[in-house]
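# Understanding the architecture of this molecule
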Amino acid sequence: MTAMGGAWAGRPCHGGLGRVGMADDHYLVLARRWRPQRFDDVVGQEHITRTLQNSLRSGRIHHAYLFVGSRGIGKTTSARILARCLNCLSSDGPTAEPCGECPNCRSIAAGTNIDVLEIDGASNNSVEDVRQIRDNVRMVPSSSRYKIYVIDEVHQLSSAAFNALLKTLEEPPPHAIFILATTEAHKIPATIISRCQRLDFRRVGVKELITLLTRIVVAEKRTASQDALYAIARAADGGVRDAESILDQLFSYCDGEITYQDVYSVLGLVDWRVLHDLCDALGREDVVRLLTIVEEVVVHGKDLSQFAQEILRYFRNLLVLRSGGPAELLALPDDEVAEMRERAGRFTLMQLVRLVEQFAELATGFDSQLAQRTALEAMLIRVSKRAVDVSVESVLEKLALLREGGAPTQIQQAAPASAPAKTKPAAASAPPSAPAPAAPAPVSKPAASAKKKSEVNLEPAAAVPDFAGPATAASTAKPERAAANGGVSARPAARELSVPGVTAEDAQTLLGDPHVQQVVKVFKGKIVDVKSVTPVAPAAQETE
Ligand SMILES: [Zn+2]
């Protein structure tokens with residue numbers, strides 16, 4: 001708990017928030033200073049810059065390009081560089097290496113070249129606006145080879161405007177080149193897209209962002225710790241402009257070295273040590289501590305939706321490590337990775353999958369890309385580990401149907417001789433106090449299962465993982481699959497799983513799963529039934 005003081009203290013180096021307010025002006029200076037002037041300087045878009053350079057070298061120049069990608073990753077910058085390549089006066093024709101010195105190169109960089117028109121599609125989206133462009137296009141360029149129209153946010157054009165634009169794209173004058181840029185390609189008519197060479201810009205990787213940030217820090221004669229740069233790169237989420245903007249704020253905020261605490265202070269993020277603390281408290285089932293952490297987050301004025309996302313990112317990282325994924329996927333400095341790896345080892349893979357799914361669901365309310373991505377990753381791991389659905393709902397459904405006389409024969413049939421031995425480890429961790437067959441009372445509530453589903457979901461079982469077991473349910477289940485079917489092809493087993501019964505394999509997975517054990521505990525009455533038809537439960541009784 002004392003560590004918290006340090007974690008929260010941040011280290012507001014002098015400068016103060018007043019200077020952060022100036023960041024916009026200052027940023028313009030920095031952005032201009034660092035705006036790439038050649039394709040070779042564009043960060044993280046080699047697949048695009050190479051394509052464009054090759055087509056310039058071979059003279060295959062298109063009359064319309066469509067630049068697709070999220071904001072702040074270099075679309076406009078690349079459009080300007082392409083314009084320079086096309087109109088640079090240092091060579092006889094288009095070049096892949098513009099000189100950067102001639103009047104055209106200079107004026108294009110400054111945005112003042114009269115033959116390169118940058119149009120904001122959002123505010124010039126009417127059919128009249130596009131007709132104006134059409135009339136203008138016919139006039140030959142005044143001091144350049146090409147008349148270049150860069151239409152940003154082109155998806156904002158009205159459908160009438162798109163129709164007008166299409167006519168121009170169908171028969172462009174030879175001197176006209178259109179560069180359409182958008183963050184939302186799906187909103188652009190297919191007729192337009194088919195007239196363009198489409199280039200998809202990607203989000204820039206953390207490593208590339210760090211390389212860029214390091215270059216800027218050195219050039220600006222500043223210093224920044226490695227974990228601070230990682231934190232900036234993570235927060236920028238693949239955006240070069242965001243990364244530069246954050247770094248610029250930090251230049252204003254700090255006089256000395258930029259530390260990761262400065263980054264957290266400026267961005268209003270929660271320190272990772274708080275997340276470690278939260279993770280530990282979850283492990284101890286320390287509810288008081290968990291509530292205190294939330295209280296502290298609120299008191300420190302942190303944004304709770306942001307906090308929820310940070311929690312999600314944290315457990316997603318544990319999940320990556322637990323599943324044997326490479327540390328590069330974490331975007332964390334090495335020493336941080338070691339600490340994460342240690343904590344990841346306290347959970348089973350499936351515990352982390354469930355934690356991540358739950359936090360992703362929480363964070364999805366905030367419509368974040370991280371939440372969507374993480375939920376997808378968790379689902380993929382779940383699916384890759386077992387095709388069996390082990391959700392609480394599916395377990396309850398199966399148990400309820402089983403009680404109503406659902407298909408015990410197939411279960412017996414699916415119970416191979418080898419199963420009991422394998423299920424011993426799982427059974428050993430079952431609740432020792434289970435009174436088993438002597439408890440008939442709960443048996444009378446099968447109809448309640450539909451309602452119980454939501455109730456059980458609220459059980460803290462999944463949110464408060466059981467640290468005791470190095471539980472290996474998921475990892476052991478996989479190789480035995482073929483054997484559990486007694487050498488018979490996997491097809492019949494798959495069919496059994498689709499009917500409302502519990503196969504030996506199924507039950508083995510379920511009982512080996514701590515989360516499901518919680519369900520088993522809640523529905524003890526029903527477990528008696530399961531025991532009578534599967535080899536799993538008898539094994540559990542033997543051990544008691
Ligand atoms: Zn030039």
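This write-up is about the structure you can find in this document.

Basis of the calculations
- Residues numbered from 1 in each chain as written.
- Predicted model: local features only at pLDDT ≥ 70, side-chain atom pairs only at ≥ 80, totals over all residues.
- Heavy atoms only, no water.
- Buried < 20%, exposed > 50% of the residue type's maximum accessible area, 1.4 Å probe, protein only.
- Helix = DSSP H or I, 4+ residues; strand = E, 2+ residues; numbered from the N terminus.
- Pairing = 2+ DSSP bridges.
- Axes fitted to C-alpha atoms, helices over the stretch in contact; angles between N-to-C directions.
- Parallel < 35°, antiparallel > 145°, perpendicular 65-115°, else oblique.
- Contact = heavy atoms within 4.5 Å.
- Nonpolar A, V, L, I, M, F, W, Y, C, P; charged D, E, K, R; others polar.
- Donors = N, O, S within 2.8 Å, 3.2 Å for Na, K, Ca; no water.
- Tetrahedral: all angles 85-135°; square planar, octahedral: opposite > 155°, others 65-115°.
- Phe/Tyr/Trp six-rings, centres within 6.5 Å; stacked < 30°, edge-to-face > 60°.
- Left-handed = near helix turned anticlockwise from the far one by under 90°.
- Salt bridge = Lys/Arg side-chain N within 4 Å of Asp/Glu carboxyl O.

### Topic: the pairing of strand E1 (residues 64-68)
Within E1, five of the five residues are buried, leaving the element largely enclosed by the surrounding structure. Neither face of E1 is exposed, since Ala-64, Leu-66 and Val-68 on one face and Tyr-65 and Phe-67 on the opposite face are all buried. Strand direction decides the pairing type here: E1 and strand E4 (residues 176-182), joined by five bridges, are parallel. The residue of E4 that forms the bridge with Tyr-65 is Ile-179.

### Quick notes on the packing of helix H16 (residues 304-322) against helix H17 (residues 334-344)
Two numbers describe how H16 lies on H17: the axes approach to 9 Å, and their chain directions differ by 80 degrees. In terms of their interaxial angle, H16 and H17 are classed as roughly perpendicular. On H17, the residues that touch Tyr-314, Asn-317, Leu-318, Leu-321 and Arg-322 of H16 are Val-337, Met-340, Arg-341, Arg-343 and Ala-344. Each residue belonging to the contact of H16 with H17 can be placed in one class, and the counts come to six nonpolar, one polar and three charged.

### Concerning the coordination of the zinc ion
Surrounding the zinc ion are the protein donor atoms Cys-88 (SG), Cys-99 (SG), Cys-102 (SG) and Cys-105 (SG), which sit 2.2 to 2.3 Å from the metal. For the zinc ion, the four donor atoms in the first shell make angles of 102 to 120 degrees at the metal, a pattern classed as tetrahedral. Look at where the donors of the zinc ion fall in the sequence and you get C-x10-C-x2-C-x2-C. Classification of Cys-99 as partly exposed rests on a relative accessible area of 30%.

### Remarks on the sheet that holds strand E2 (residues 116-120)
With respect to topology, five strands assemble into an open sheet ordered E2-E3-E4-E1-E5, the strand pairing being parallel. With partners counted over all chains shown, the strands left at the sheet margins are E2 and strand E5 (197-200), one partner each. Neighbour to neighbour, the strand axes of the sheet diverge by 15 degrees on average, direction disregarded. Relative to E4, strand E3 (residues 147-152) is paired through five bridges, and the arrangement is parallel. Along E4, the bridge assignment pairs Ile-148 with Ile-177. Here helix H5 (residues 75-87) sits on the sheet in contact with E1, E2, E3 and E4, set at roughly 155 degrees to E1.

### Let's talk about the packing of aromatic side chains
We describe a pair of aromatic rings using the distance from one ring centre to the other and the angle between the two ring planes. Scanning all chains against the criterion turns up eight aromatic pairs. The interplanar angle of 50 degrees and the centroid separation of 5.7 Å between the aromatic rings of Trp-272 and Tyr-314 together place this pair among those described as tilted. Within this pair, whereas Trp-272 is found in helix H14 (residues 272-284), its partner Tyr-314 is found in helix H16, the two being separated by 42 residues in sequence. The pair Trp-272 / Tyr-314 is uniform in exposure class, with both members buried.

### Side note on the environment of Pro-189
Relative to the helices and strands, Pro-189 is located in the loop between E4 and helix H9 (190-193). For Pro-189, a relative accessible area of 26% puts it in the partly exposed group. Counting along the chain gives 26 residues from Pro-189 to Asn-163, while the straight-line C-alpha distance between them is 9.2 Å.

### A few points about the packing of H14 against helix H15 (residues 287-299)
Between H14 and H15, the least distance of the axes is 8 Å, while the angle of their chain directions is 155 degrees. Between H14 and H15, the angle is such that the two are roughly antiparallel. Once H14 is placed against H15, the crossing between them reads as left-handed. From H14, Val-274, Asp-277, Leu-278, Ala-281, Leu-282 and Arg-284 reach across to H15, where they touch Arg-289, Leu-290 and Ile-293. Its residues assigned to classes, the contact of H14 with H15 shows six nonpolar, no polar and three charged.

### Regarding the pattern of salt bridges
In total, this model carries 20 salt bridges according to the counting rule given. Between Asp-135 and Arg-138 there is a salt bridge; the shortest N-O distance is 3.4 Å. With Asp-135 and Arg-138 both in helix H7 (residues 127-138) and three residues apart, the pair spans about one turn of that helix. Owing to a relative accessible area of 56%, Arg-138 belongs among the exposed residues under this scheme.

### Some points on the environment of Ile-177
Mapped onto the elements of the fold, Ile-177 is located in strand E4. As a C-alpha pair, Ile-177 and His-62 span 115 residues in sequence and 7.4 Å in three-dimensional space. Those residues in contact with Ile-177 that sit more than four places away from it in its chain are Ile-61, His-62, His-63, Tyr-65, Leu-86, Tyr-146, Lys-147, Ile-148 and Tyr-149.

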